[in-house]
Every structure is written in C-alpha cells, then in structure tokens.
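For reference, the chains in residue letters:
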Amino acid sequence: MRRRKLIVVSNRGPVTFSRGPDGGRTERRGGGGLVTALRPLVSRQDITWIAAAMTDEDRVVAAEAGGAFEETGRDGASYRLRLVTPEPDEFDRYYNVFANPTLWFIQHHLGDLVHWPSHGPGWHEAWASYQSVNAVFADAVLEELDDDPDAPVWFHDYHLYLAPRLVRRAKSDAALAQFVHIPWPDADQWTLLPEDMRAAIHDGLLANDVLGFHTRRWGDNFLASAEKIPGVAADREGGTVEYEGRRTLLTAHPISVDTAEFDELAMSRRVIEEEEELERDRPERIVLRVDRTDPSKNIVRGFRAFELFLERHPEWDGRVGMLALLDPSRQDIAEYAAYLEEIDATVRGVNSRFGRPDWQPITLEIRDDFPRSVAAYKIYDVLLVNAIFDGMNLIAKEAPLVNARDGVVVLSENAGAHSELAPWVLTVNPFDLVGQADALAAALELPAETRQARAEAIRAHVREHDLEHWLAEQLADLDRVSAPAAS
C-alpha cells in the first residue's frame, strides 16, 4: 500500500486521555468498531486524525496542544492527532439526541411511528447542535487543508453528514470522501425527518467526491433517496450522482477484520484462560450471541426464538444452552437503558420456564470483556446474528475466523455481512421467531461434513477479503479523485 498523506475525520479518535489515581495522565485505545478498523492506517499512511474530545482530560490535552499534536500508535508509528472541543452541552445534544438515537434509529428502521419520533423544541435544538458540531469539525479540517491543500479528507459515519458541504464551500477543489458504516434505509424512512433536515443531510453527503457503503443494497438505497429528496441525476449502472455541477462516485466495499490480530488474540494467555473456564461449564452444544445491547441487534427476539426452539424440541432439553455476552451500550440514552431492562426480564422469563436448579438454558453476561467474547467465539456450535438491520456486523466474520468447532452461522438477511456470507450461512428473517427457531434446530442437526465445508468457506473468504483489502480499496477510490495527492 503506497504511503500518502490523509486526513481522517471521525467522531471518536484512536486514543482518549484520563487522569490516573496518582494524578498522572494516562491514555487508552479509543473504543468502537470504526476506530478499530481505521487504526491500521496509522502505521501505513501519513495520518492526521481529527476527532472529538471525549473526556475532560481530552479537552485539557487539546487546549495544551492548540491544534494537532504527535501521537504514537501501538506499533510505534507516529501520527498527528487533533481533538476538537465543542461546547459540552452542544456535544451532548449532537451525540445523544440527534446522532443517537435519531439518525441511528432512522437508518436501522427502529421508529415506533405511533410514539416516535415526535420532534419537539428540544429535538430541534439538538438539530442546531448537530449543525454546530459539524461546523467545528469542518473548521478543523479547513485549518489542516490550509497547511496541506493536497491531502485527501476521509470523513466517517453518521455523526458528520453536514461537514463535507461546509468544507467544499471553502475549498472547492479539495478531495473529499466519506464512508457510511451503518445501513442506508429506503427513501421513505427519511420522511421521519422534516424536509429541510433530510435535504441538508443529502446535500452534505453529495459534497463528497466518493461516498462509500458496505454493500450495493445500501448504496442503491442512497441513490433512490438522492433521486427523491434533492432530485439528483443518478447513473445507476455507473454508480455516480450528478449534483450541483459535481459528480459523486458511489462505492460498495464491505469492511472486514484484521485477521492476523485475531489469530494472535485467539492464542493469547487471557483468551485461553477464558476458553478453559467456559469449556468447564459448557453443555453439549452452545448457541452463542455476542452483541452490544442496542435495540437494532434484536436481542430480545433472539431469546424468544430460543425459547420457542426449546418448546418445540424437548429432545435438546439440558443439552444445549445459549451463551449471551452483551456489552452495555449507550446507557445514558433512555431507549437503550429500557432495552437492557427488557433483555434482563426476557432471560429471567425463559430461565424460569425451562431452567432447573442445576441448569439454566440462557447464561447472560453483561459487561465489556472482549477477550471473553473471543474465547466464546472459539467454542460455539451455533452463532446467532439476527440483527434487525446492520451496516455490516463484524461478529459474523470475527467468530468463524477463530472458531474451532465448525460452528454454524445463523444470519439475518438484513445484516450487511449477509451479502457476502449468504452461501455458507443459514439465513433468517429477523422478525420471524418461528423461522429463527427452526434455523437453530437445523444448525444443530447439520451433518459434520456440511458444517465443516461452510465454516472453512467463511474463513477463507474473510482471510482473502480482510481489513487490509478493505483499506486498499478505500485508498484506491481516494486516488481516483485526488490527482494532486496521487502524483
């Protein structure tokens, strides 16, 4: 991969800072799948990374630096980090009201139209904060472009839909790209936003030279909404959009995982210790789910489907258990906190109905413990991924990569990963409990040779189409629109 200068812009950054018990400054890796996916860029490219200050100490660091400052990646590579510092109240509204849950819920089809959305004054204030925070990011990008006008800019995700237009107005010849890591819904979903807001979102995205999605399905949905909302001229065969005198290239590149990192992690001492503990207590078969406690992950329906499976297949009583390792997500947002309560109540109900003093059908663990999740990846017999909608879902790729039991993947047709893995998984509709229960039964009964063939095919695909492959495709797209940087 040829080295080049690149400005990466995302809500979260690769590190965050805090104060330790002794008063000294400490730093830890930034959280989230997006940061994990982009982190390898640091060692391969000349990166300036612009992100929001997430902690009080982040703000102190940003104030001390007065701009971008040098940081060192985990492999010793150097990069520049710039932390923007919106007003805390504005950032809270931008993130916790408009980006999450509004955009997240719309793009994952999570609206309960009888009750949500209802856009009152506070929500309109959150839209104003979303605009304001996007302007803060755009200003930081423009300052970096003043110093290095040929550096391509790569925006990420739904937090920053407006920033590209603000940069484009000031720098008409800048090379801009954006990758949307979550699903793009059909055009009618955008009527959940007032007309001016949905128009501004499309306008911002169409200021990019390249607009990337995980799958053709999400890209086609964007073309449909762009034709309907700003009224663009779309070339569906060529995957381009003409808008306000500019052409935007739409691409579909499914994100993947760092296979070498997973191989190393799977054999680490901590993971092996966790694996040994899980094996000591395992039933004959394990149905695994690993998720954040996000409503889009469809966790409650998954438990209900497992309950229906137990009801219909008494021959598996006491022989198969579901292991659910869930990372608590966004608990400062009311909808997420309520969903976690529903998860807990559902598990109690299933265990009360089918459990015995010496055995519970569902083992629920709610904590952020990735090594334990990787250990569970290694020992499952069935992996359940039944998301309502998901931009990709990397668990469907991570888990088979290290699984040692030729585990079967039961995968929602609405997960982006389904577009790649469909030939080797059992496909389910995320709303069909009977279909999911039947798929669990079928997965447990698949012949050994079929399980092995499917598992090996998924592993081979993921290794061939790994994170390095995805990054190379993104940078090749940038090269197509940034001739000065490419030369």
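Relevant structure appears above.
Calculation criteria
Residues numbered from 1 in each chain as written. Predicted model: local features only at pLDDT ≥ 70, side-chain atom pairs only at ≥ 80, totals over all residues. Heavy atoms only, no water. Helix = DSSP H or I, 4+ residues; strand = E, 2+ residues; numbered from the N terminus. Rg over C-alpha atoms; globule rule 2.2 N^0.38 Å. Buried < 20%, exposed > 50% of the residue type's maximum accessible area, 1.4 Å probe, protein only. Contact = heavy atoms within 4.5 Å. Areas by Shrake-Rupley, 256 points an atom, 1.4 Å probe, with all protein chains shown as cover. Axes fitted to C-alpha atoms, helices over the stretch in contact; angles between N-to-C directions. Left-handed = near helix turned anticlockwise from the far one by under 90°. Nonpolar A, V, L, I, M, F, W, Y, C, P; charged D, E, K, R; others polar. Pairing = 2+ DSSP bridges. Patch = residues over 30% accessible without salt bridge, like charges linked within 9 Å, V, L, I, M, F, W, Y side chains within 5 Å. Salt bridge = Lys/Arg side-chain N within 4 Å of Asp/Glu carboxyl O. Lys, Arg positive; Asp, Glu negative; His and termini not counted. Charge placed at Lys NZ, Arg CZ, Asp CG, Glu CD. Phe/Tyr/Trp six-rings, centres within 6.5 Å; stacked < 30°, edge-to-face > 60°. Lys NZ or Arg CZ within 6 Å of the ring centre and 35° of its normal.

### Overview of the overall build of the chain
Then, in step 1: Tallying secondary structure elements over the chain gives 19 helices and 18 strands in all.
Then, in step 2: In terms of overall dimensions, the chain is globule-like: its C-alpha atoms have a radius of gyration of 23 Å, near the 23 Å expected for 487 residues.
Then, in step 3: By its C-alpha atoms, the chain is 70 × 50 × 45 Å across when sized along the principal axes.
Then, in step 4: Burial analysis of the chain (487 residues in total) assigns 56% to the buried set.
Then, in step 5: Of all intrachain contacts in the chain linking residues separated by at least 6 positions in sequence, the fraction that spans at least 24 positions is 77%.
Then, in step 6: Put simply, the chain shows about 19300 Å² of open surface, and 48% of that area lies on carbon and sulfur atoms.

### Brief notes about the packing of helix α13 (residues 370–379) against helix α14 (residues 395–402)
Then, in step 1: Between α13 and α14, the least distance of the axes is 7 Å, while the angle of their chain directions is 60°. In this structure, the crossing between α13 and α14 has a hand that is right-handed. Two secondary-structure elements touch here, α13 through F370, V374, Y377 and K378 and α14 through I395, E398, A399 and V402.
Then, in step 2: Its residues assigned to classes, the contact of α13 with α14 shows 6 nonpolar, no polar and 2 charged.

### Here we look at the sheet that holds strand β8 (residues 176–179)
Then, in step 1: One open sheet holds the 10 strands; their spatial order is β5-β6-β4-β1-β7-β8-β9-β12-β11-β10, and the pairing between them is mixed. Where the open sheet ends on each side, the last strands, each with one partner, are β5 (69–72) and β10 (233–235). For this sheet, the mean inter-axis angle between neighbouring strands, taken without regard to orientation, is 25°.
Then, in step 2: In the sheet, β5 pairs with strand β6 (residues 78–84) via 4 bridges, with the strands oriented antiparallel. Paired with F69 across the strands is L81, a residue of β6.

### Details of a negative patch on the surface
Then, in step 1: Together, E87, D89, D92 and D332 make up a negatively charged patch on the protein surface.
Then, in step 2: Take E87: it is sitting in the loop between β6 and α4 (88–107).
Then, in step 3: Taking the relative accessible area as the measure of exposure, E87 reaches 54% and is therefore exposed.

### Description of the packing of aromatic side chains
Then, in step 1: Under the counting rule described, the total for this entry stands at 21 aromatic pairs.
Then, in step 2: With a centroid separation of 5.7 Å and 40° between ring planes, the pair formed by F213 and F222 is classed as tilted.
Then, in step 3: Seen in terms of ring centroids, F306 and F309 are 5.9 Å apart; in terms of plane orientation they differ by 25°. Their pairing is stacked. Of this pair, F306 and F309 both sit in helix α11 (residues 299–312), 3 residues apart, which is roughly one turn of the helix. One exposure class covers both F306 and F309, and it is buried.
Then, in step 4: Counting every residue linked through ring pairs, the aromatic cluster contains F91, Y94, Y95, F98, W123, W127 and Y130.
Then, in step 5: In this structure, R319 packs its charged tip against the face of W316, placed 4.0 Å from the ring centre.

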